[in-house]
Amino acid sequence: MQGFVLPNEDIGRVPLEDFATPLDAIERAAGLVFFPNVNRLGYAPLCRVTKCQVRDYLVAANKKMKKLEKKDGTRVLLIGSGETR
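Student: What is the right way to look at the overall build of the protein in this model?
Tutor: Secondary structure assignment for the protein yields three helices and four strands. When the helices and strands of the protein are placed in sequence order, the string is β-β-α-α-α-β-β. Looking at the protein as a whole, 13% of its 85 residues qualify as buried. Put simply, of all contacts in the protein between residues at least 6 apart along the chain, 31% involve residues at least 24 apart.

Below you can see the structure in the form of structure tokens.
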């Protein structure tokens, strides 16, 4: 289990690990307690057990839209699904 605090601005290619913040510090600042019934000692820090990166959602969305674009350049919107085809 691991917490991160990121600025509300473009961070470029800064590694996610650079924004790691102790959960108790985030809880104090937010006035909240996250997962009060979970034994935190039973969880390894997220970046130790998975590929820890900030995904560029705009780039990913544009790639998805390109894949969904038909040869004539049109797209079909699937109502309620949040997807276009």
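Student: I would appreciate a short explanation of the environment of Asp10 in the present structure.
Tutor: With respect to the helices, strands and loops of the structure, Asp10 is situated in the loop between strand 1 (3-4) and strand 2 (20-21). Among the polar contacts made by the side chain of Asp10, one reaches the main-chain amide nitrogen of Gly12 at a distance of 2.7 Å.

Student: In this structure, what is going on with the environment of Phe35? I would like to understand it.
Tutor: Position of Phe35 relative to the elements: it lies in the loop between helix 1 (23-30) and helix 2 (46-49). Not counting residues up to four positions away in its chain, the partners in contact with Phe35 are Met1 and Arg40.

Student: Could you clarify how one ought to interpret the pattern of salt bridges in this entry?
Tutor: Side chains carrying opposite charge are able to pair once their charged atoms draw close together. Enumeration according to the criterion identifies two salt bridges in this entry. Its salt-bridge partner being Asp24, residue Arg28 comes within 3.4 Å of it at the nearest N-O pair. With Arg28 and Asp24 both in helix 1 and four residues apart, the pair spans about one turn of that helix. Residue class for Arg28 comes out exposed when judged on its relative accessible area of 61%.

Cut-off values and rules
- Residues numbered from 1 in each chain as written.
- Predicted model: local features only at pLDDT ≥ 70, side-chain atom pairs only at ≥ 80, totals over all residues.
- Heavy atoms only, no water.
- Helix = DSSP H or I, 4+ residues; strand = E, 2+ residues; numbered from the N terminus.
- Buried < 20%, exposed > 50% of the residue type's maximum accessible area, 1.4 Å probe, protein only.
- Contact = heavy atoms within 4.5 Å.
- Polar contact = N/O pair within 3.5 Å; in protein donor to acceptor, adjacent residues only side chain to side chain.
- Salt bridge = Lys/Arg side-chain N within 4 Å of Asp/Glu carboxyl O.

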